[in-house]
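Geometric and topological summary
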Protein chains: 2
Amino acid sequence: MNFDATALRRYTHVMAGKDRYHHGDLRNALVDAGLQILETEGIHALTLRAAAARAGVSHAAPAHHFGSLKGLLTALATVAFQRLADCLADASARADGSDPDAARLDASGRAYVRFARANPALFRLMFSGADLDWTEPSLGAAAEDAWGQLTAVVAPIALRRGAVARDTRQALELLVWSHVHGFSHLAISGQLAKPDLNQSGPPELPGIASLLLAGV
Amino acid sequence: MNFDATALRRYTHVMAGKDRYHHGDLRNALVDAGLQILETEGIHALTLRAAAARAGVSHAAPAHHFGSLKGLLTALATVAFQRLADCLADASARADGSDPDAARLDASGRAYVRFARANPALFRLMFSGADLDWTEPSLGAAAEDAWGQLTAVVAPIALRRGAVARDTRQALELLVWSHVHGFSHLAISGQLAKPDLNQSGPPELPGIASLLLAGV
DNA sequence: CCTCCATCTTGACGTTGACTAGATGCGGTT
DNA sequence: AACCGCATCTAGTCAACGTCAAGATGGAGG
């Protein structure tokens, strides 16, 4: 979790109310501020100046820690991928059912969608393409973690389908990822709010495990 | 296609080089300009002022036709949904294979992905959520058209699976849409560029028809 | 105690979306 | 043919933005 006890002590010290020229842990404070703004006001309200104001520093302070707005967005996306990976791992561990493999897959899928619905602006940012600096190693590592959590629950299903070849296995991983990612994206885009789709309540993620295991 | 011969005549007349105070068809000119900017320079370069400059009018002119930036984006997304619907209809019509239903479904899916890959910024805009004005009826109608093209190719497959109930059928439609939409989004986000996914060439959209028809 | 330098502030510049007031000229009316 | 209403477009302005440059501050190591 990149926990820095010294920095945190200084940070909480400042949080207690003591204003000082040197913040102590401005970088983390700005990330927190950014996450809050993203959650409460959306992506358009997330500006370097707004984050600085929320952290109680001058408008140009963020530049020293993130270089540019892209840097701040990259830091936020990194945290987001880490949180997503945690959610997926947690859901997989808690999954319960008569078919454990299938239960873990479906539970992970639902967790993916739940994460997107709970953090729509953040989710969008994670997959916003050119807005992020993918040369930043920590971002790539966090994204790999999340991807790894997903492939881990697909692997047993793939084996039971007889998908031993690397290509076949990766095609299944990609199928599952596309499925949950597409559903998540449609959900937070409001595309699932069509009246004819809501006559039986809000749409739920169609389970993929049973489909993949049909006829096996 | 909302073809307005009179407006077009004036528009082309202006295009011929004659500068006049009244443009003649500024609205369409601004949409064209917006599409070009989106394609060549990306979403961040798409500003009201840039579109105005490309159309050769003053910086405040777009406001009279679109009200705000949101209005221009909405107009662009409307055109985009219409084009997507056309692409899907075309792909379905041209599809060819031993199983026509399956061929049409897979061809439509590939067309969806091809559209996204060919127009990444536009595709992102179409599903950008709060950036668009969904109270605009034309936008909703265009989106419904595209959605209708997709459900049309899913319906035969659903019937062959015995999905006669409305809920079951809609779940399948949603499954297919999630699949192609998620893959498209991952593709244009660069998430499919992972080295371990490209050892057998760039990933292709996993066919969904054979999966849905397995064991039928 | 003193110096170094990362950290933070202040001020400025160019660009943006949005608003206002005024100029223009097309299309319908007389 | 002359007129005029009004949609269309221009010009000017404002606050907010990202970014840069220059200076102030104060903690860490000698």
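One can find the structure itself at the top, above this paragraph.
A quick note: this is a predicted structure, and the numbers were derived from the prediction, not measured. (Residues numbered from 1 in each chain as written. Chains lettered and ligands numbered in written order. Predicted model: local features only at pLDDT ≥ 70, side-chain atom pairs only at ≥ 80, totals over all residues.)

1. Let's talk about the protein's contact with DNA strand C
- In the vicinity of DNA strand C, 23 residues are found, and the nearest of them are His 23, Ser 58 and Ala 60 of chain A together with Thr 47 and Ser 68 of chain B.
- For the surface near DNA strand C, the secondary structure elements donating two or more residues are α4 (63-66) of chain A together with α3 (48-55) of chain B.
- The element best represented in the surface near DNA strand C is α3 of chain B, accounting for three residues.
- By residue class, the composition of the surface near DNA strand C is eleven nonpolar, ten polar and two charged. (Near = placed C-beta within 6 Å. Helix = DSSP H or I, 4+ residues; strand = E, 2+ residues; numbered from the N terminus. Nonpolar A, V, L, I, M, F, W, Y, C, P; charged D, E, K, R; others polar.)

2. Focus: helix α8 (residues 137-160) of chain A
All names here are of chain A.
- With 24 residues, α8 ought to run about 34 Å at 1.5 Å a step, and its terminal C-alpha atoms sit 35 Å apart, in line with that.
- At Val 154, α8 shows its strongest bend, of approximately 30°, with the proline Pro 156 following within four residues.
- Along α8, the residues classified as buried are Leu 139, Ala 142, Ala 143, Ala 146, Trp 147, Gln 149, Leu 150, Val 153, Val 154, Ile 157 and Ala 158.
- Immediately beyond the C-terminal end of α8, within one or two residues, lies Gly 162, with a positive phi of roughly 80°. (Expected span 1.5 Å × (residues − 1). Bend = angle between axes of the 7 residues up to and from the residue. Buried ≥ 20, exposed ≤ 12 C-beta atoms within 10 Å, placed from the backbone.)

3. Quick word on the relation of the copies chain A and chain B
- Least-squares fitting of chain A to chain B yields an RMSD of 0.1 Å, with the transformation described by 0.0 Å of translation along the axis and a rotation of 180°. The operation mapping one copy onto its partner corresponds to a two-fold rotation axis. Nearest to the rotation axis, the C-alpha of Gly 182 of chain A is located 1.6 Å from it, this being the minimum over chain A.
- Here 100% of the contact residues of chain A are again contact residues in chain B; the copies associate through an equivalent surface. (Least-squares fit on C-alpha atoms with pLDDT ≥ 70 in both. Contact = placed C-beta atoms within 7 Å.)

4. Some details on the protein's contact with DNA strand D
- Around DNA strand D sit 22 residues in total, of which Thr 47 and Ser 68 of chain A together with His 23, Ser 58 and Ala 60 of chain B are the nearest.
- If you list the elements that add at least two residues to the surface near DNA strand D, you get α3 (48-55) of chain A together with α4 (63-66) of chain B.
- In terms of residue class, the surface near DNA strand D is built from eleven nonpolar, nine polar and two charged.

5. Brief notes about the interface of chain A and chain B
- Facing the 29 residues of chain A at the interface are 29 residues of chain B.
- Top element by residues in the side of chain A that touches chain B is helix α9 (residues 166-188) of chain A. It accounts for 14 residues.
- Classifying every residue of the side of chain A that touches chain B gives 15 nonpolar, 13 polar and one charged.

6. A short note on the packing of helix α8 (residues 137-160) of chain B against helix α9 (residues 166-188) of chain B
All names here are of chain B.
- Two numbers describe how α8 lies on α9: the axes approach to 9 Å, and their chain directions differ by 125°. Taken together, α8 and α9 sit at an angle that is classed as oblique. Of the two elements, α8 crosses α9, and the hand of that crossing is right-handed. Where α8 abuts α9, its residues Leu 150, Thr 151, Val 154 and Ala 158 lie against Arg 169, Leu 172, Glu 173, Val 176 and Trp 177. (Axes fitted to C-alpha atoms, helices over the stretch in contact; angles between N-to-C directions. Parallel < 35°, antiparallel > 145°, perpendicular 65-115°, else oblique. Left-handed = near helix turned anticlockwise from the far one by under 90°.)

7. As for the nonpolar core
- Judged by nonpolar contacts, the single largest core of 129 residues is most densely connected at Leu 76 of chain A together with Leu 76 of chain B.
- Those residues in contact with Leu 76 of chain A, other than ones at most four positions away along the chain, are Val 31, Gly 34, Leu 35, Leu 38, Leu 122 and Leu 125 of chain A. (Core = buried A, V, L, I, M, F, W, Y, C linked by C-beta atoms within 7 Å.)

8. Observations concerning the environment of Pro 202 of chain A
Residues and elements named next belong to chain A.
- With respect to the element layout, Pro 202 can be found in the loop between α9 and α10 (209-212).
- For Pro 202, a count of 9 C-beta atoms within 10 Å gives the class exposed.
- Between the C-alpha atom of Pro 202 and that of Ala 187, which follows or precedes it by 15 residues, the distance is 9.8 Å.

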